[in-house]
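Understanding the architecture of this molecule
The residues making up each chain are set out below.
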Amino acid sequence: MGLSFSFVVLLVLGTYMIASRATSGGSTGDVQLAEGTVPAAYAPLVQKHGNRCPAINPALLAAQLYQESGWNPKAVSPANARGLAQFIPGTWAAYGVDGDGDGDRDIWDPADAIPSAAAYDCALAKYVKDVPGDLTANMLASYNAGSYAVVRYRGVPPYNETQNYVRRITTLAKSFAAPKQPVAASRQAAAAIYFAQRQLGKPYLWGGNGTAADGGRFDCSGLTKAAYASVDIELPRVANDQWNAGPHPSRDELQPGDLVFFAYDLQDPRSIHHVGIYVGGGKMINAPYTGAVIRYDPIDTPDYIGATRVTKDGAKALPGPRDGEA
């Protein structure tokens, strides 16, 4: 038997008030990557080089790399930007570094591309260090629009694309940073759960979005997307990207409404293959697989990788087409 809507509302709103009080204030300090947010092969490099200068931190560097390539070291853009950090060859020639000390600067090698991305950020920050305003915001604006524009406008220039890029990266960075305090509960969680409860018993449909053409049926990420769309939060379509729609509470901090994720490789979020909506008591509502119906299932399985507490700003920060190429 499912949790009642009224019970979920009381539970979520109660925990929201507690968590909100617990997270007010606080200092910054060193930023650590949240466990499991960056593929294990890259996490040590991002953590190390994300501290290269005061304008960046590991979570911000991770957000840029995710935005640029989606952690694909072989990515090539229509503008011929290449590799994990999406450098165009001319910029690479000027700023690429031999990060692993093997005697070459390989645009395709993450061991070179990650430190080069950090070095480029820090070089941009140096160019605009005397510009008024936030150094990190000015650095990101320089990355997108050029340092000349930042100097000219004495801060982030009034270009919609640049302002959106700065906002997206700084917000997205929060999903890669290890929380220093309990993560505040979502106000929309109860209604998202209520939507999912109303879908219980419907047959799973691969690629299903719940439309009339789909017979009201969903697949796993279609269900979570629709549940949060019902409270005016637009998630991306696939589970792999929904992972970055907010901060990541630990297993013992889970609250109803959190998205819970499952992966083939617990060290690589790119391998996420399933998502559900947590309802409490170690259970989720999910659309499991072809031949099954939307139902309650336990979350404590060997492929559980973690959870995301969805926020509206976090969802808005998620990338569409890759932009901001170096």
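Structure shown above.
Here's what I pulled together on the structure shown here. (Residues numbered from 1 in each chain as written. Predicted model: local features only at pLDDT ≥ 70, side-chain atom pairs only at ≥ 80, totals over all residues. Heavy atoms only, no water.)

On a plain count of helices and strands, the chain comes out with 12 helices and five strands. Counting across all 326 residues of the chain, residues that qualify as buried make up 54%. Looking at the chain alone, contacts between residues at least 24 apart form 61% of all its contacts between residues at least 6 apart. (Helix = DSSP H or I, 4+ residues; strand = E, 2+ residues; numbered from the N terminus. Buried < 20%, exposed > 50% of the residue type's maximum accessible area, 1.4 Å probe, protein only. Contact = heavy atoms within 4.5 Å.)

Time to look at the side chain of N144. Assignment of secondary structure puts N144 in helix 6 (residues 135-145). A relative accessible area of 17% means that N144 is categorised as buried. Of the polar contacts made by the side chain of N144, one reaches the side chain of T162; its length is 2.7 Å. (Polar contact = N/O pair within 3.5 Å; in protein donor to acceptor, adjacent residues only side chain to side chain.)

In this section: the layout of surface pockets. For the second largest pocket, the calculated volume is near 380 Å³. Residue lining of the second largest pocket: 22 residues in total, with A34, E35, G36, T37 and I305 positioned closest to the centre. In terms of residue count, strand 5 (residues 304-308) provides more of the lining of the second largest pocket than any other element does, four residues in total. When its residues are assigned to classes, the lining of the second largest pocket shows 13 nonpolar, seven polar and two charged. (1 Å grid on protein atoms, 1.4 Å probe; cavity = no way out; pocket = protein on both sides within 12 Å on 5 of 7 lines; lining within 4 Å. Points joined across faces, edges and corners; volume = space filled by probe spheres on them. Nonpolar A, V, L, I, M, F, W, Y, C, P; charged D, E, K, R; others polar.)

Our focus in this paragraph is the sheet that holds strand 2 (residues 272-280). The strand order 4-3-2-1-5 describes an open sheet built from five strands, whose pairing is antiparallel. Either end of the sheet is taken by a strand with one partner, and the two such strands are strand 4 (295-298) and strand 5. For this sheet the average axis-to-axis angle between neighbouring strands, irrespective of direction, equals 40°. Bridge count for strand 1 (residues 259-263) against strand 2 is five bridges, and the pairing is antiparallel. (Pairing = 2+ DSSP bridges. Axes fitted to C-alpha atoms, helices over the stretch in contact; angles between N-to-C directions.)

To continue, consider empty space enclosed by the protein. Overall, the coordinates contain two cavities of 30 Å³ or more when judged by the stated rule. In this structure, the largest cavity spans a volume of roughly 60 Å³. What lines the largest cavity is a set of 11 residues, among which Q64, L65, A85, A117 and Y143 lie closest to the centre. Contributing elements (two or more residues each) for the lining of the largest cavity: helix 3 (58-69) and helix 5 (110-127). The element best represented in the lining of the largest cavity is helix 3, accounting for four residues. Broken down by class, the residue content of the lining of the largest cavity amounts to eight nonpolar, one polar and two charged. For the second largest cavity, the calculated volume is near 50 Å³. Residue lining of the second largest cavity: T37, Y66, W71, F176, N240, W243, N244, P269 and R270, and that is the complete set. In terms of residue class, the lining of the second largest cavity is made up of five nonpolar, three polar and one charged.

Examined against the element boundaries, V156 turns out to sit in the loop between helix 7 (147-153) and helix 8 (160-172). For V156, a relative accessible area of 31% puts it in the partly exposed group. Once the C-alpha coordinates of V156 and N138 are considered, the two residues, 18 residues apart in sequence, prove to be 5.7 Å apart. Apart from residues no more than four positions distant in its own chain, V156 is found in contact with A137, N138, A141, T162, Q163 and V166.

Every regular strand shows the same layout, with side chains that alternate between the two sheet faces. Of all five residues in strand 1, five are buried; the element is thus mostly enclosed. Every second residue of strand 1 is oriented toward a common face, with L259, F261 and A263 on one face and V260 and F262 on the other, all of them buried. Note: strand 1 against strand 5, four bridges, orientation antiparallel. Across the sheet, residue L259 finds its bridge partner in strand 5, namely T308.

Our focus in this paragraph is the side chain of N244. Positionally, N244 belongs in the loop between helix 11 (239-242) and strand 1. Looking at N244, its side chain comes within polar contact range of the side chain of S175, at 3.4 Å. Beyond its immediate sequence surroundings of up to four residues, N244 is in contact with Y66, L172, S175, F176, G314 and L318.

The subject of this paragraph is the environment of G207. For G207, the position within the fold is in the loop between helix 9 (189-197) and helix 10 (220-229). Taking the relative accessible area as the measure of exposure, G207 reaches 34% and is therefore partly exposed. Separated by 30 residues in the primary sequence, G207 and R237 place their C-alpha atoms 9.4 Å from one another. Excluding anything up to four places from it in sequence, G207 contacts D214, D219 and R237.

Quick look at the state of the cysteines now. What makes a disulfide is a covalent bond joining the sulfur atoms belonging to two cysteines. Going through the model one piece at a time under the given rule, you end up with one disulfide. Shown here is the disulfide that connects C53 with C122, its sulfur atoms set 2.1 Å apart. Between C53 and C122, the S-S torsion sits near -95°, and that sign places the bridge as left-handed. With C53 in the loop between helix 2 (43-49) and helix 3 and C122 in helix 5, the pair connects residues that are 69 residues apart, well separated along the chain. (Disulfide = S-S within 2.5 Å.)

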